[in-house]
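# Summary of structural features
The primary structure of each chain is shown beneath.
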Amino acid sequence: MSSLTAFAALPASLVAERRGAVAVLKLNRPHKRNALDDETILGIEAFFLGLPDDVGAVLLAGEGDHFSAGLDLSELEERDVTQGIAHSGLWHRAFEKMQFGKAPVVAVLHGAVVGGGLELAAATHVRVAERSAYYALPEGSRGIYVGGGGSVRLPRLIGVARMMDMMLTGRTYSAEEGLAMGLTTYLAEPGQGFAKGLELAERIAGNTRLTNFAVTHALPRIAESDPASGYAMEALMSSIAQADGEAKARLKAFLEKRAPKVTRP
Ligand code: 1HE
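Here goes a summary of the coordinates provided. (Residues numbered from 1 in each chain as written. Predicted model: local features only at pLDDT ≥ 70, side-chain atom pairs only at ≥ 80, totals over all residues. Heavy atoms only, no water.)

## Observations regarding the pattern of salt bridges
Side chains bearing opposite charge may pair, as long as their charged atoms lie close to each other. Threshold: By definition here, a salt bridge exists when the distance from a side-chain nitrogen of Lys or Arg to a carboxyl oxygen of Asp or Glu is within 4 Å. Working definition: with a 1.4 Å probe on protein chains only, accessible area under 20% of the residue-type maximum means buried, over 50% means exposed, and in between means partly exposed.
What the rule picks out here adds up to 19 salt bridges. A salt bridge links Asp-37 to Arg-29, with the shortest nitrogen-to-oxygen separation between them at 3.8 Å. Looking at Arg-29, the relative accessible area reads 14%, which means it is buried. One connected set of salt bridges, linked through shared partners, spans Arg-29, Asp-37 and Asp-72.

Structural data, given as structure tokens:
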């Protein structure tokens, strides 16, 4: 159930707070390098399912020196094949709630962003990396495979060839390389990532709900469609967006010189 102010009850491995229209969700298991156990994944799902209606954007970050060391490997030992499939499905479900939820999500990455931590980051909408961030998929060398949607999302971000390389050779990419290859779209100095992420999340929360819906729900589906279906969906989405009262008010404000112009980078 969603409400106007309250977040869902969360496990100790997650903390949430409000910053105006932005909800901040932090991975809070620094002693385990924010390794993602089942409780945390279920908490992420509950958080996004129960996101209050007045949250316009979410900022996802990690406590401690690392964003996330990925899957909690201590939980892996006892699982059989059937349980493994169910476990991967749990991650898929939780991350889908985030990717196709009520509000866009900005991730702030620092330190290790590896394995399932990278899969989590890949399911967010805008990624900011501090210079300390590094990316790897150690699943390859541990005799396992990604299970949190990485095979679906990462090739769309960095290409199949780079993901193959990361998994087969254990290659680690730096924050600068991640920016160059499109894994992140912002690079921040050490300690500056959270402020940058919050600034972006606040800007996103200032968009109309309909635009944010169009960008996070319609755009990825359109991009995956055949062109003819894509054009039809785009025409529908743009006509719906422009018919909204808030869109009309914003266009009028620009034409009456009350709205800011586009600025140079
Ligand atoms: C963990 C985990 C974890 C740390 N599961 N407990 N991911 C990996 O293969 C990455 C494994 N982790 C590491 O390589 C390193 O821990 C880090 C580079 C991330 C950080 O190094 P460091 O020196 O700061 O910490 P540490 O001493 O290695 O770890 C501190 C504690 O966290 C230690 O526990 P302690 O009880 O001995 O203090 C570690 O055991 C614990 N820890 N990472 C469990 N991942 C949906 S499928 C996704 C599949 C995957 O994600 S596979 C990739 C898993």
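## What to know about helix H5 (residues 150-158)
Put simply, the test is: Under the DSSP-based scheme used, a helix requires at least four consecutive residues in state H or I and a strand at least two consecutive residues in state E, with every element numbered from the N terminus. The directions from the helix axis to the C-beta atoms form the arc being described.
Those residues of H5 that sit buried are Gly-150, Arg-153, Leu-154 and Ile-158. Summarising the axial view, the buried residues of H5 lie within an arc of 100°, below the 170-degree limit, and thus occupy one face. A positive phi of about 95° marks Gly-159, the residue just after H5.

## Let's talk about the packing of aromatic side chains
Rule in force here: In this scheme Phe, Tyr and Trp rings, the latter by its six-membered ring, pair at centre separations within 6.5 Å, and the angle between planes marks the pair as stacked below 30 degrees, edge-to-face above 60, and tilted otherwise. Geometrically, a lysine NZ or arginine CZ counts as sitting over a ring once it is within 6 Å of the ring centre and also within 35 degrees of the ring normal.
Inspection of the entire model under this criterion finds 3 aromatic pairs. Judged by centre distance (5.0 Å) and plane angle (85°), the rings of Phe-47 and Phe-48 are edge-to-face. Considered together, Phe-47 and Phe-48 belong to a single accessibility category, that of buried residues. When the ring centre of Phe-194 is taken as reference, the NZ or CZ atom of Lys-26 above it lies at 4.9 Å. Positioned over the ring face of Phe-100 is Arg-221, at 3.8 Å from the centre of the ring.

## A few points about the environment of Phe-95
Stated formally: Any two residues whose heavy atoms approach within 4.5 Å at even a single point are treated as in contact.
With respect to the helices and strands, Phe-95 occurs in helix H2 (residues 81-99). When near neighbours in sequence (up to four residues on either side) are disregarded, Phe-95 contacts Ile-41, Gly-116, Glu-119, Leu-120, Ala-123, Gly-148 and Arg-153.

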